[in-house]
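# Notes for the structure review
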Amino acid sequence: MKNIILNNHLSDEYNALSNNSNHPFTLGGYEWPTVTHYIEAQKFAGTARFEEIRLMVTPEEAEKASENLELTNENTVTRAALIAKLYTYPEILALLLDTNGRAIQDAADPIWNKLGFYWTMIRNEFQNILILESEKEPSNVAAVDYIERHKVIEELRGLPADAFSKLRHLQPEVGCFNRCSFCSQSAGTRIWSLNLNGLQNIFSALKTVAMEKAQQFRTQEGDYYLDPTGPLTLNQRFHPYFEIPKHGLLGYGRLSHRPGVIFPYLDNDISTYPFLKQYIQYAAEDLGVKVRLSTVGYSRHNTQLQNMHDQINEHHLNHVAGVRLSITPYTYGWKNKATRDSFKEDVANVLATYKPLIDHLKPGQRTGCVEFRFKPLLEDRLVFRELFDANDHHVMAVGPYALMSTERAAPFTKSYIHVDEANQMHVDGKGQSYLMIQSDKLRDVATDELSMTVEMLLTEAHAMSRFVQVYLFENEDGVYYGVDPMMQNNGMFAKQFYPPTAKRPSAGYIDSERYFLNTLLSYKRQKGILDRRGTFEAATWTDVANTVHLLMHAAEELASSNQYAANYVQAEIIPLIQLYAETLLTAGYAPSYFFLSTFTVDTGSICNLGKAYNEFKHLASRPHIPLTPQQEKSFGLQGALSMEGEKWRISVAPYSHQVLRDTSIGKRNLLADKGSLLIERENLALRSVGGANGMADIRQHVPFSHIDIFNVSDGEERIIGSK
């Protein structure tokens with residue numbers, strides 16, 4: 001092949017590769033007429049001569065003004081200038097790539113040929129960018145996209161190997177059209193979303209660097225995770241003999257939490273992302289990872305989204321690790337009563353659409369399930385009464401509840417929560433035996449009348465009472481009492497009582513009893529199924545209806561002693577369960593799924609995270625303070641998240657030179673007018689501790705194009721419950 005000869009003739013085909021070509025660019029905050037101007041000026045950095053050379057009319061003048069001086073960092077300076085030139089002029093990159101395999105010779109420097117060396121080195125850089133498997137040929141990638149990928153690769157290469165081996169979240173979008181008011185991540189209603197071109201560029205850049213990092217990573221046994229001596233790539237794609245490792249090229253070091261599974265969501269609903277199918281395809285083909293999906297749903301009227309989800313279930317069953325549908329009263333379609341019928345049909349449609357995947361993976365909290373996240377049942381700004389009666393029994397009361405120790409009062413020792421490797425919660429500490437009485441008559445009882453009232457209520461039929469174990473816990477705001485905090489075989493009956501402290505906004509209680517779960521288990525026991533995880537294969541839709549009626553009856557009975565709780569069950573739980581039963585039937589599921597513990601998951605109420613703080617703000621001084629043992633299990637210092645340790649996140653995010661914390665989690669920031677890639681390392685153990693940066697201890701924004709910005713009004717047609 002004929003060599004490429006570079007000279008300064010304007011008519012020459014490759015003149016644009018000359019350092020003297022008239023292609024101005026910006027670098028280091030200055031505009032440079034030519035590469036020569038930039039290189040020569042660096043010899044006078046920090047002096048007045050620097051600016052004089054930059055402003056010289058011709059590159060020949062600039063070169064002559066410094067011809068007797070050497071540049072100590074010539075390689076770095078020249079590469080930076082040539083790269084900046086390419087970034088500014090994609091057509092020059094196309095010209096460079098067109099020289100594929102040919103030697104480049106600088107006519108002005110025939111002996112050393114430095115410029116030819118630099119262009120060859122840079123050409124190799126771009127030709128080492130791995131394209132997507134679906135792109136087939138390097139020529140199918142535009143020069144402008146190679147430039148975008150190269151920019152991202154430059155940033156990714158500076159990250160530690162853990163950024164890839166422990167990557168957890170890879171988000172193509174932040175913000176959420178469904179705008180759930182309980183969102184644990186405070187997702188904003190302004191959406192920043194990668195378009196398809198941007199998605200392809202990100203996956204190509206990740207593929208390129210992930211291959212490099214995987215070759216450096218050592219397993220616990222000391223072996224290379226990816227053998228660097230094997231056949232890896234050919235023609236910028238995987239070599240035909242190359243096999244992606246079992247856990248892929250991302251997240252393979254998260255051994256305690258689903259290695260090789262990537263989460264495309266955090267502060268977004270991934271089901272409304274219009275390029276989710278392509279995301280799943282690239283994740284599988286180019287990174288060897290599976291994708292976990294979570295959603296509150298999408299509008300069945302949006303044919304683009306529906307076709308996409310149909311194709312996922314038709315072509316990508318082996319590429320999805322699991323799907324979770326959350327049913328909650330906080331979604332836009334449910335809160336607006338005018339759209340509830342449409343909301344119900346959308347939920348049924350999601351369940352029907354993803355039935356092939358759930359059948360393929362089998363039901364399970366990690367594979368396929370429906371989770372209920374209810375509004376919390378709590379009362380705050382109450383009077384907390386506490387005394388020791390004549391028999392030295394400890395008595396305390398708040399709202400409709402009173403607790404009386406069964407023995408003479410003994411000092412409490414603090415108890416603590418920890419989670420084992422099987423994600424099971426344990427209480428470290430000793431509880432004390434109490435009698436708990438529930439009656440609305442307790443609400444207005446003065447402290448000095450409390451013991452007498454409790455004794456009287458124990459003789460009345462309408463008062464509900466039972467023996468319980470009480471533990472003393474402590475969070476950032478002070479101590480609180482936990483009643484029966486552990487799951488029992490017949491259900492969850494926990495309650496928490498919060499005395500006033502110097503930091504806690506007010507006294508009150510949280511009722512963590514899972515009324516739906518407890519009713520399910522009660523009905524199963526009536527049918528002879530004593531194990532709470534036992535299946536009910538013979539269930540009929542009559543059994544489902546009977547369970548709903550049993551829940552209604554439980555609420556009626558509750559009204560005699562606690563009208564507030566009864567109203568809660570009737571308003572916040574029963575309507576959602578009725579909806580769920582109808583949608584299961586409509587979606588073609590067997591009635592046994594209604595009773596299946598691995599599919600129908602009552603998680604209890606939402607936690608004190610993100611926007612949900614509005615529900616808890618009178619019992620917690622700030623968001624993210626665990627308020628119950630179950631919340632400690634989820635995100636406390638000894639909880640499940642803490643066990644995961646550090647993880648990395650790459651996400652679309654708003655960007656500004658005055659970056660605020662909120663921009664990294666999708667909140668609307670008026671200072672941010674352009675998109676970026678956010679790369680951050682998060683210590684999950686810090687979520688409950690708070691701080692200016694939340695969990696993140698490393699964070700950087702990489703300016704990135706191909707990000708579209710939407711407001712909620714732009715995406716109404718995607719929202720569950722809307723037409």
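Everything that follows concerns the structure shown earlier in this document.
Residues numbered from 1 in each chain as written. Predicted model: local features only at pLDDT ≥ 70, side-chain atom pairs only at ≥ 80, totals over all residues. Heavy atoms only, no water.

With that settled, the discussion passes to the overall build of the chain. When its secondary structure is counted, the chain shows 22 helices and 29 strands. The buried share among the 723 residues of the chain stands at 57%. In the chain, once contacts between residues fewer than 6 apart in sequence are set aside, the share between residues at least 24 apart is 70%. Put simply, the chain has 71 plus and 84 minus side-chain charges, and the middle of one group is 2 Å from the middle of the other. (Helix = DSSP H or I, 4+ residues; strand = E, 2+ residues; numbered from the N terminus. Buried < 20%, exposed > 50% of the residue type's maximum accessible area, 1.4 Å probe, protein only. Contact = heavy atoms within 4.5 Å. Lys, Arg positive; Asp, Glu negative; His and termini not counted. Charge placed at Lys NZ, Arg CZ, Asp CG, Glu CD.)

The mixed open sheet is built from four strands, whose spatial order is β5-β26-β27-β28. Looking along the sheet, the strands with just one partner apiece sit at the ends: β5 (167-171) and β28 (696-703). Put simply, the sheet's adjacent strands are angled 20° from each other on average, direction ignored. Two elements, strand β26 (residues 646-655) and strand β27 (residues 674-683), share 10 bridges in a ladder whose sense is antiparallel. Within β27, the residue paired with Trp 648 across the bridge is Arg 681. (Pairing = 2+ DSSP bridges. Axes fitted to C-alpha atoms, helices over the stretch in contact; angles between N-to-C directions.)

Most of strand β11 (residues 290-295) sits out of view: five of its six residues are buried. One ladder, built from two bridges, connects strand β10 (residues 261-262) with β11; its direction is parallel. Among the inter-strand pairings, Ile 262 is bridged to a residue of β11, identified as Val 291. On the question of chirality, the crossover connecting β10 to the parallel β11 by way of helix α10 (residues 276-287) is right-handed. Here five bridges tie β11 to strand β12 (residues 320-327), and the two strands are oriented parallel to one another. When the bridges of β12 are listed, Thr 295 appears paired with Leu 325. (Right-handed = clockwise from strand over helix to strand, strands pointing away.)

Turning our eyes to something else, we now look at the side chain of Lys 524. Tracing the sequence through the fold places Lys 524 in helix α16 (residues 515-526). In this structure, Lys 524 is buried with no salt-bridge partner, the nearest side chain bearing the opposite charge being Asp 531 at 7.2 Å. Lys 524 has contacts with Ile 529, Asp 531, Arg 532, Arg 533, Gly 534 and Phe 595, leaving out every residue within four places of it along the chain. (Salt bridge = Lys/Arg side-chain N within 4 Å of Asp/Glu carboxyl O.)

This brings us to the pattern of salt bridges. In total, this model carries 36 salt bridges according to the counting rule given. Between Glu 74 and Lys 114 there is a salt bridge, with its nearest N and O atoms 3.2 Å apart. Here Glu 74, found in helix α4 (residues 74-88), pairs with Lys 114, found in helix α6 (residues 114-127); they are 40 residues apart in sequence, far enough to count as distant. For Arg 79, the salt bridge goes to Glu 154, with nearest N and O atoms at 3.3 Å. Highlighted residues: Arg 79 in helix α4 and Glu 154 in helix α7 (residues 143-156), separated in sequence by 75 residues. For Glu 154, a relative accessible area of 32% gives the class partly exposed. Three or more residues are tied together by salt bridges with common partners; here these are Glu 133, Lys 207, Arg 237 and Asp 286.

Aromatic ring pairs: the centre-centre distance and the angle between the two ring planes describe each pair. With the rule as written, the count across this model stands at 34 aromatic pairs. Between Phe 536 and Phe 595, the aromatic rings sit 5.0 Å apart at their centres with planes inclined by 65°, giving edge-to-face as the arrangement. Placement of the pair is Phe 536 in the loop between α16 and α17 (541-558) and Phe 595 in helix α19 (residues 592-595), with a sequence separation of 59 residues. With a relative accessible area of 2%, Phe 595 lands in the buried category. When the ring of Tyr 580 is compared with that of Phe 594, the centres are 5.8 Å apart and the planes differ by 25°; the resulting orientation is stacked. (Phe/Tyr/Trp six-rings, centres within 6.5 Å; stacked < 30°, edge-to-face > 60°.)

Moving on to the environment of Asn 268. Tracing the sequence through the fold places Asn 268 in the loop between β10 and α10. In this structure Asn 268 comes out as buried when scored by relative accessible area, which is 8%. In this structure, the C-alpha to C-alpha distance between Asn 268 and Asn 178, residues 90 residues apart in sequence, is 8.8 Å. Not counting chain neighbours up to four residues away, the residues in contact with Asn 268 comprise Gln 171, Glu 173, Val 174, Gly 175 and Cys 176. Here Gln 171 takes part through its side chain, which lies 2.9 Å from a polar atom of the side chain of Asn 268. Here the side chain of Asn 268 touches Glu 173 through a polar contact of 3.5 Å, landing on its backbone oxygen. (Polar contact = N/O pair within 3.5 Å; in protein donor to acceptor, adjacent residues only side chain to side chain.)

On to the sheet that holds strand β7 (residues 190-194). Strand order in the open sheet made by the three strands is β6-β7-β29, with antiparallel pairing throughout. Since the sheet does not close on itself, it has two edges, and those belong to β6 (173-174) and β29 (707-711), each with one partner.

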